[in-house]
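Fold and contact review
Next come the chains, spelled out residue by residue.
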Amino acid sequence: MSKATAYRWVRDAHGLAGLALAATLALYAVTGFAIVHGSWIPGERHTTRARVDFAFDARALADAAQHDALLARARTSLGLEGRASSEPGPDGRLALQFERPARLDVVWLDGTTGEAWLERRDEGLQKTLSNVHQLQGPEGGVAHVLWALWVDVTGVALVAFAATGVLLWAWTRADRLGAGLLAASTLSCAAAIASLLFGR
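These remarks concern the structure in this document. None of the values given here were measured: they were computed from a predicted structure.

Another point: the nonpolar core. One finds Phe 54, Phe 56, Leu 70, Leu 96 and Leu 109 to be the most contacted residues of the largest nonpolar core, which totals 16 residues. Secondary structure elements with two or more residues in this core: α2 (67-78), β3 (94-100), β4 (103-109) and β5 (116-122). Residue contacts for Phe 54: discarding those within four places in its chain leaves Leu 70, Arg 73, Ala 74, Ser 77, Leu 78, Leu 109 and Ala 116.

Let us look at the sheet that holds β5. If you walk across this open sheet you meet the five strands as β1-β5-β4-β3-β2, and the pairing is antiparallel. What marks the edges here is a single partner per strand, and that holds for β1 (46-52) and β2 (83-88). In this sheet, neighbouring strand axes are inclined to one another by 20 degrees on average, regardless of whether the strands run parallel or antiparallel. Pairing geometry for β1 and β5, over seven bridges, is antiparallel. Residue pairing for β5: Thr 47 is matched across the bridge by Arg 121. This element, α2, spans β1, β2, β3 and β4 of the sheet and lies at about 55 degrees to β3.

As for its placement among the helices and strands, Thr 164 is situated in helix α4 (residues 142-172). Taking relative accessible area as the criterion, Thr 164 reaches 10% and is therefore assigned buried. Once residues lying within four places of it in the same chain are set aside, the contact partners of Thr 164 are Val 10, Ala 13 and His 14.

Looking now at the packing of aromatic side chains. Tallied over the entire structure, the rule returns three aromatic pairs. Each ring, one from Tyr 7 and one from Trp 171, has its centre 6.4 Å from the other, and the planes form 45 degrees; the classification is tilted. With Tyr 7 in helix α1 (residues 3-36) and Trp 171 in helix α4, this residue pair connects regions lying 164 residues apart in the sequence. Ring geometry for Phe 33 versus Trp 40: centroids 5.8 Å apart, planes at 65 degrees, classification edge-to-face. Assessed through its relative accessible area of 60%, Trp 40 is described here as exposed. The aromatic ring of Phe 54 is capped on one face by Arg 73, whose charged end is 4.4 Å from the ring centroid. Just above the ring of Trp 108 sits the side chain of Arg 93; from NZ or CZ to the centre is 4.8 Å.

Thresholds applied
Residues numbered from 1 in each chain as written. Predicted model: local features only at pLDDT ≥ 70, side-chain atom pairs only at ≥ 80, totals over all residues. Heavy atoms only, no water. Core = buried A, V, L, I, M, F, W, Y, C linked by side-chain atoms within 4.5 Å. Buried < 20%, exposed > 50% of the residue type's maximum accessible area, 1.4 Å probe, protein only. Helix = DSSP H or I, 4+ residues; strand = E, 2+ residues; numbered from the N terminus. Contact = heavy atoms within 4.5 Å. Pairing = 2+ DSSP bridges. Axes fitted to C-alpha atoms, helices over the stretch in contact; angles between N-to-C directions. Phe/Tyr/Trp six-rings, centres within 6.5 Å; stacked < 30°, edge-to-face > 60°. Lys NZ or Arg CZ within 6 Å of the ring centre and 35° of its normal.

Here it is in structure tokens:
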């Protein structure tokens, strides 16, 4: 393969990786801004609470092995969506949580009274953007699976974008300014990782 052909392939790969990254990087820029400057963004959380019809065996609240079954039944019977988890609450209660970026639904099960309450919290704009930025894993429904796959694609595209960018620079310029920028970014990244791993 000639150098001209290799250069064309690397240049095209760099351009395609940039196009694949454009929208996602813009999204992460906006949501990252919301985390750092949350006080600048309007919108407050709003919480409602209502009793719901959800029968359960009080003995299941103390048995972690039965929590998944309770979560599955709550999702189906109450029409809840999102990443599901259970958390022991005060006074022997159990919280069945269903989390989405814009909303958190918590079904409180009270083993003493046999009552079930649905607490619904609309997160507001700032918290929603923050949750999108930190969304993890494929659990929680089709939308979460698609998002997790897209994050994987974005990760591969980021590596390709960086690698092809360095190659293009090496083949076309290889100047001191570029070398200084590459060294500075590499050292600052290494220092940040070392600080997180070994710092106090």
